Amino acid sequence: MTTEARPSKTDAARPRRPLHDWLANVDRRVIFIAVAVATALPLIFPLNLPIKTSREARAYYDEIERLQPGDEMIFVFDYEPDLMAELDPMSIATLRHAFRKDIQVIALTDYPGGPGIAERILGEVAAEYGKTHGTDYVFLGYNPDYSATMLRMGESIQATFPTDHYHTPSSELPLLQEADRYAEVELLATVTGSALAEYWVIFAGGSYGQRIIAGNTAIQAVLIYPYFQTGQLSGFLGGLKGAAEYEKLIGTEGAGLRGMDAQSMAHLLIVCFIILGNIGFVLQRRYQRRLEREQDGGAKREQGDGVKR
Amino acid sequence: MKKTGPVVFGFLIGVLMLLHHFTPSSWIGDRYNNVLDWKQVVFGITLILGVISLFTYHWKKIERRAEGWGYSVITVAGLIFMIAVALIFTPERGPYPWMFDHVQAPMQATMFALLAFYVASASYRAFRARNFHAALLLTAGVIVMLGRVSLGELIGIDSVSTWILDFPNTAAKRGVMIGVGLGMTATAIKIITGIERTYLGKGA
């Protein structure tokens, strides 16, 4: 009894995959693993790449720096947990800067998922600088409808938020007795990953002349350049790099500075893959053209032979 | 009256909100504040409607044992649990903040972090220099991508990236903003004057 020998994988007559095909069609699992490695390695072994301060980050820093002890500032946590990695470093650094200068902070959020983030960050940073809720800072919580909230705060913060997040009547909060409308607040800072920075500029800046600075995700930052150029936005931080620049300016190392090496490597990797893909694409196109030319040539030769016969 | 009433109401409120910007009258200021307060109340009610709608949709799916009904069970259970613990313990104490910090926050952060992997894979596949415009977009994208991280500063590409963001990007964005602004103004005037009535529903 004979058994038919199974062809081994190496024996199988598999055509060798051409280089252009390999370059143009890298398996996405390879890309995923490469991204994971490129992101993780710099976090374990920091490269300490240099960070230059942009004029937007410098302007953001200067706006807080010019405030005097006892001045009031509104700080808005306009994001939810999905953006914590990119925006938490900005919020932490801004509050550190403000509390270090004894600036009084009125905090709030325009997102239902914001209070959890705000409570954690405010609690941690306030404890770091020995600040008390009610006198040094207040957390007003979440209010539905951002546009009405932004406009109403120009008339009265106490009327917009009758109680703070912990159900204390606003009329009993000493800080709100000193600052009850934009006109009585020196600066408004919003940290967001959406178009809310633009809305603060339109509603609080345009209607009430409030000075505004913003921290944005890298994607969103691209959209607010016009407002910075016109001076409607006094300064802004763009993405994790903006956070890192600001951390460098205030002299504290946070997640922004720590994350920059990882982000640099991830971006470099993506660019490398794009270049590889394009090399593959060009080679593939040349190969296909050559094939077409050869086929055309063959067909013409056959036609010529037919005519001779 | 069914159609005229809302149009007249819209006209009056629209004019009132507009007048506030041009008059120091305290009466108009007070009415303006009333409208803003009511707007917040209406928005709050829409949130409740959203929760009811979400619950009804998933409950029906569970009843019908429709495809993926297991996920609906998790959604409904999570919804009921979060509302219940917030009502029993308040949102500041007990399981509510714990669930936020240890369930919702990590899940949302994880979902967003996955984008890095998909963006890498998608840009590798989509960014191909097929023609001149695609090549231009590709070049600008690569420069900005590198210019927005420390590595870009190291290789001296950050100034080019800043130029792209400052000029071509801002010019394009301004054009869009002016267009949107004019469109919004035109639509607002049409709503106030009753020309635009689609907000009243079909047949208005």
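What you see is a predicted model; the values in this text were computed from it and never measured.

A. Summary view of the overall build of chain A. Within chain A, the secondary structure is distributed over 13 helices and 6 strands. Taken over C-alpha atoms, the radius of gyration comes to 29 Å for chain A, far larger than the 19 Å a tight globule of 309 residues would show. The principal-axis extents of the C-alpha atoms in chain A amount to approximately 105 × 55 × 40 Å. Within chain A, counting contacts between residues at least 6 apart in sequence, those at least 24 apart form 73% of the total. Accessible area of chain A: about 14,600 Å², with a carbon and sulfur share of 55%. For chain A, the separation between the mean place of its 31 positive charges and that of its 39 negative charges on side chains is 17 Å.

B. Region of interest: the domain arrangement of chain B. Residues and elements named next belong to chain B. Segmentation of chain B into domains returns domain 1 (1-89) and domain 2 (127-204). Distance between the C-alpha centres of domain 1 and domain 2: 31 Å. Across the contact, 6 residues belong to domain 1 and 7 residues belong to domain 2. In this assembly, domain 1 packs against domain 2 so that about 600 Å² is buried in total across both faces, 73% of it on carbon and sulfur atoms. In terms of surface lost to domain 2, no three residues of domain 1 exceed Lys 3, Val 7 and Phe 11, which account for 65% of the buried area on that side. At the junction of domain 1 and domain 2, the tally comes to 0 salt bridges. Summed over the shared surface of domain 1 and domain 2, the result is 0 residue pairs in polar contact (both at pLDDT 80 or more). Residue composition of the side of domain 1 that touches domain 2, by class: 4 nonpolar, 1 polar and 1 charged.

C. Quick peek at the pattern of salt bridges. Considering all chains together, one arrives at 15 salt bridges over all chains under this definition. Among the salt bridges present, the one from Glu 56 of chain A reaches Arg 55 of chain A, with a minimum N-O distance of 3.0 Å. A single salt-bridge network, built from bridges that share partners, covers Arg 55 and Glu 56 of chain A together with Asp 166 of chain B.

D. The arrangement of the confidence of the model for chain B in detail. On average, residues of chain B score 91 in pLDDT, and 99% of them reach the 70 mark or higher. Averaged over each element, pLDDT in chain B is lowest for helix H6 (residues 150-154) of chain B (87) and highest for helix H2 (residues 26-64) of chain B (94).

Procedures and definitions
Residues numbered from 1 in each chain as written. Chains lettered and ligands numbered in written order. Predicted model: local features only at pLDDT ≥ 70, side-chain atom pairs only at ≥ 80, totals over all residues. Heavy atoms only, no water. Helix = DSSP H or I, 4+ residues; strand = E, 2+ residues; numbered from the N terminus. Rg over C-alpha atoms; globule rule 2.2 N^0.38 Å. Contact = heavy atoms within 4.5 Å. Areas by Shrake-Rupley, 256 points an atom, 1.4 Å probe, with all protein chains shown as cover. Lys, Arg positive; Asp, Glu negative; His and termini not counted. Charge placed at Lys NZ, Arg CZ, Asp CG, Glu CD. Domains from an automatic or database assignment. Buried area = accessible area lost by both parts, 1.4 Å probe. Salt bridge = Lys/Arg side-chain N within 4 Å of Asp/Glu carboxyl O. Polar contact = N/O pair within 3.5 Å; in protein donor to acceptor, adjacent residues only side chain to side chain. Nonpolar A, V, L, I, M, F, W, Y, C, P; charged D, E, K, R; others polar. pLDDT = per-residue confidence, 0-100.

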